[in-house]
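For reference, the chains in residue letters:
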Amino acid sequence: MRKHFFRYFICLIALCTLTACDNNDDKDDSPAPKREYQRTVLVYISGENRLSTFINDELQEMCVGSKELSDSQALVVYVDNASTKNKPYMARIKNGELTDRFNFDDDWLSSNPRTISNVLNYVSHYYPANEYGLVLWGHGSGWLKEDSITSSRRAYGIDNGNNAMSDFGQWINIPTLANVLQKWNHKLRFILNDCCYAQCIECAYELRDVADYIIGSPAEIPGVGAPYDKLTPAMFGTTPTFYKDIVDRYFDQTISTKASNSETYEARVALSVVKTSELQPLASATRQIIKDINLSNNPNLNGLLYYGMYEYMPETRLIDTFYDINDFFLHKATPEDYNIWKKAFDNAVVYRVYGKWQTVSLPISIFDRLSDERYGGVSMYIPQQRTSTNFYRVCADYIKNYKWYYACGLNSVED
């Protein structure tokens, strides 16, 4: 579900543009293990799908941004595209060029846990660092699972396995990804999700033990993606609030577009930052506030902020998903309970920005609901009326795979 809009008009440009950063020959120039870097950032590009045509543009932007990096900072990319000619490869981007390229022998599934583990081990062996950062580039659907075989492991990545421009294939779910990162045993300074719907409380809580900060959007992200020419230097920031620079550089990017009512406006991405060390206190505060809200009767969610809509078959109707956690408790809890909860929330969600943005699955009217008071920048699963055959039943079953469901006390409401 990543990068649906604003993208298609640049497809041909992306296909035709080649630079030093898009070295597609078969030369392998794998590096020798080097001294320890101050920080190594891995950009994991899972692009064996419809996003493949945009990879070259992203690499070019990283080349531009890499010119501001020092020798103690290593920007490493894993690239898997839909090309039948090129196998997945690893490379370092340094001083505006793609270097240390290593081509893998097999065209493996980038959404396979073993693949991700191998890539991580490669990075920590050849580019050992005091600390690491990770960018997840590709499709995303937050915690959500749809009721179909092709998306049974839906969450991040998708690899169709046949180098086609197709979005049908294998995903990796977030609990599995968290397990891979846990076994890697190199705690990340941050995870930047350059994919849709990633900034949900369920995913952040699942990743709380493997990264200090989780950065991303609760909604779909714009078609042009992150502006890596500006963003790359920020990913190596060392100040205590380095994450603000990452978010601000992303947010400063504007895209002129037309809304469904033909109004032209400058779109910006809704983003937030979660401090994972504060998620356990937030879970405790949420458990307390949920006790006083009767969720078992399926609360009325009309008018609340949400970040996605899915067309469910066979019912063939749109269903709102990914409700803003702050907006929900603002409207459903008592003022006293909300104020207590909000303190824990602000400690965990340490930075958030929003602006007008048009997506495939959001109506223009959502813009009118945005405000500093309501916007939390993080979504949460909210129980809704369901039957044994509809979308909500699928959600209600699948959400139980996430630890947040039990930590915040939803299990006592639905079970």
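Residues numbered from 1 in each chain as written. Predicted model: local features only at pLDDT ≥ 70, side-chain atom pairs only at ≥ 80, totals over all residues. Heavy atoms only, no water.

Caption draft 1: Highlighting the overall build of the chain. Across its full length, the chain holds 13 helices and 17 strands. Counting over 415 residues, the chain shows a buried share of 60%. Taking the contacts inside the chain whose residues are at least 6 apart along the sequence as the reference set, 74% of them involve residues at least 24 apart. Accessible surface computed for the chain: about 16,200 Å², of which carbon and sulfur atoms make up 48%. (Helix = DSSP H or I, 4+ residues; strand = E, 2+ residues; numbered from the N terminus. Buried < 20%, exposed > 50% of the residue type's maximum accessible area, 1.4 Å probe, protein only. Contact = heavy atoms within 4.5 Å. Areas by Shrake-Rupley, 256 points an atom, 1.4 Å probe, with all protein chains shown as cover.)

Caption draft 2: Representation of the nonpolar core in the model. By size, the foremost hydrophobic cluster in this structure holds 133 residues, and its most contacted members are Leu-42, Trp-143, Ile-191, Phe-329 and Met-380. Each residue touching Ile-191, except ones within four places of it in the same chain, is listed here: Leu-134, Leu-136, Leu-181, Leu-207, Val-210, Ala-211, Tyr-213, Ile-214 and Ile-215. (Core = buried A, V, L, I, M, F, W, Y, C linked by side-chain atoms within 4.5 Å.)

Caption draft 3: Structural detail: the packing of helix α9 (residues 325-332) against helix α10 (residues 335-348). Contact pair α9 / α10: the axes reach a minimum separation of 10 Å and the direction vectors enclose 165°. Of the possible angle classes, the one that applies to α9 and α10 is roughly antiparallel. Crossing of α9 against α10: the hand is left-handed. Side by side, α9 and α10 meet where Ile-325, Asn-326, Phe-329 and Leu-330 of the first sit next to Tyr-338, Trp-341, Lys-342 and Phe-345 of the second. For the contact of α9 with α10, a count of residues per class yields six nonpolar, one polar and one charged. (Axes fitted to C-alpha atoms, helices over the stretch in contact; angles between N-to-C directions. Parallel < 35°, antiparallel > 145°, perpendicular 65-115°, else oblique. Left-handed = near helix turned anticlockwise from the far one by under 90°. Nonpolar A, V, L, I, M, F, W, Y, C, P; charged D, E, K, R; others polar.)

Caption draft 4: Local environment of the packing of aromatic side chains. Applying the stated criterion to the full structure yields 25 aromatic pairs. Centre to centre, the rings of Phe-328 and Phe-329 are 5.2 Å apart; their planes meet at 70°, and the pair counts as edge-to-face. As far as the burial class goes, Phe-328 and Phe-329 line up, both buried. Chaining the aromatic ring pairs together yields one cluster made of Tyr-44, Tyr-78, Phe-102, Phe-104, Trp-108, Tyr-122 and Tyr-126. In this arrangement the basic side chain of Arg-208 is found over the ring face of Tyr-205, its NZ or CZ atom lying 4.0 Å from the centre. When the ring centre of Phe-251 is taken as reference, the NZ or CZ atom of Arg-268 above it lies at 5.1 Å. (Phe/Tyr/Trp six-rings, centres within 6.5 Å; stacked < 30°, edge-to-face > 60°. Lys NZ or Arg CZ within 6 Å of the ring centre and 35° of its normal.)

Caption draft 5: Structural context of the packing of helix α3 (residues 113-126) against helix α4 (residues 174-184). Running from N to C, α3 and α4 point in directions that differ by 30°, and their axes come no closer than 10 Å. Taken together, the axes of α3 and α4 are roughly parallel relative to one another. Considering how the two elements wind past one another, α3 and α4 form a crossing that is right-handed. Where α3 approaches α4, its residues Pro-113, Ile-116, Ser-117, Leu-120, Asn-121 and Ser-124 are matched on the opposing element by Thr-176, Leu-177, Val-180, Leu-181 and Trp-184. Its residues assigned to classes, the contact of α3 with α4 comprises seven nonpolar, four polar and no charged.

Caption draft 6: Region of the structure containing the side chain of Asn-326. Assignment of secondary structure puts Asn-326 in helix α9. If we skip the residues at most four places from it in the chain, Asn-326 touches Tyr-338, Trp-341, Lys-342, Phe-345, Glu-373, Arg-374, Tyr-375 and Gly-376.

Caption draft 7: Up close: helix α7 (residues 242-251). For α7, every residue scored as buried is listed here: Phe-242, Tyr-243, Ile-246, Val-247, Tyr-250 and Phe-251. Against the buried residues of α7 lie β1 (37-46), β9 (188-194), β10 (211-216), α6 (228-234), β13 (271-275) and β16 (349-353).

Caption draft 8: Quick look at the sheet that holds β1. Read across the open sheet, the nine strands follow the order β4-β3-β2-β1-β5-β9-β10-β13-β16; overall the sheet is mixed. If you trace the sheet from one side to the other, it starts and ends with β4 (97-103) and β16, each paired once. Strand-to-strand twist across the sheet, computed as the mean angle between neighbouring axes with direction ignored, equals 15°. Pairing between strand β3 (residues 89-94) and β4: five bridges, direction antiparallel. Along β4, the bridge assignment pairs Arg-92 with Thr-99. Where α7 meets the sheet, its contacts fall on β1, β9, β10, β13 and β16, and the angle it forms with β16 comes to roughly 15°. Sheet strands in contact with α10 are β13 and β16, and its direction is about 80° off that of β16. (Pairing = 2+ DSSP bridges.)

Caption draft 9: Broad picture of the state of the cysteines. The full count for this structure, using the stated rule, is zero disulfides. Of all cysteine sulfurs, the one in Cys-196 lies closest to Cys-195, which takes part in no disulfide; the gap is 7.3 Å. Residue Cys-195 is classed as buried on the basis of its relative accessible area of 3%. Residue classification places Cys-196 among the buried residues on the basis of a relative accessible area of 1%. (Disulfide = S-S within 2.5 Å.)

Caption draft 10: Representation of the confidence of the model for the chain. For the chain, per-residue confidence averages 83 on the pLDDT scale, and residues scoring 70 or more make up 78% of the total. For the stretch residues 1-20, pLDDT sits under 50, and the model shows 71 contacts to residues farther than four places along the chain or on other chains. Under a pLDDT of 50 for its full length, residues 147-152 has, in the predicted model, nine contacts with residues more than four places off or in other chains. (pLDDT = per-residue confidence, 0-100.)

Caption draft 11: Seen up close, the pairing of strand β2 (residues 73-80). Of all eight residues that make up β2, eight are buried, and the element is covered over most of its length. Alignment of β1 against β2, held across eight bridges, turns out to be parallel. Along β2, the bridge assignment pairs Val-43 with Val-77.

Caption draft 12: Structural detail: the sheet that holds strand β7 (residues 156-159). Here three strands make up an open sheet; going across it, the order is β6-β7-β8 and the pairing antiparallel. At either end of the open sheet lies a strand with only one pairing partner, and these are β6 (139-140) and β8 (170-172). Relative to β7, β6 is paired through two bridges, and the arrangement is antiparallel. By the bridge assignment for β7, Gly-140 is matched with Tyr-156.

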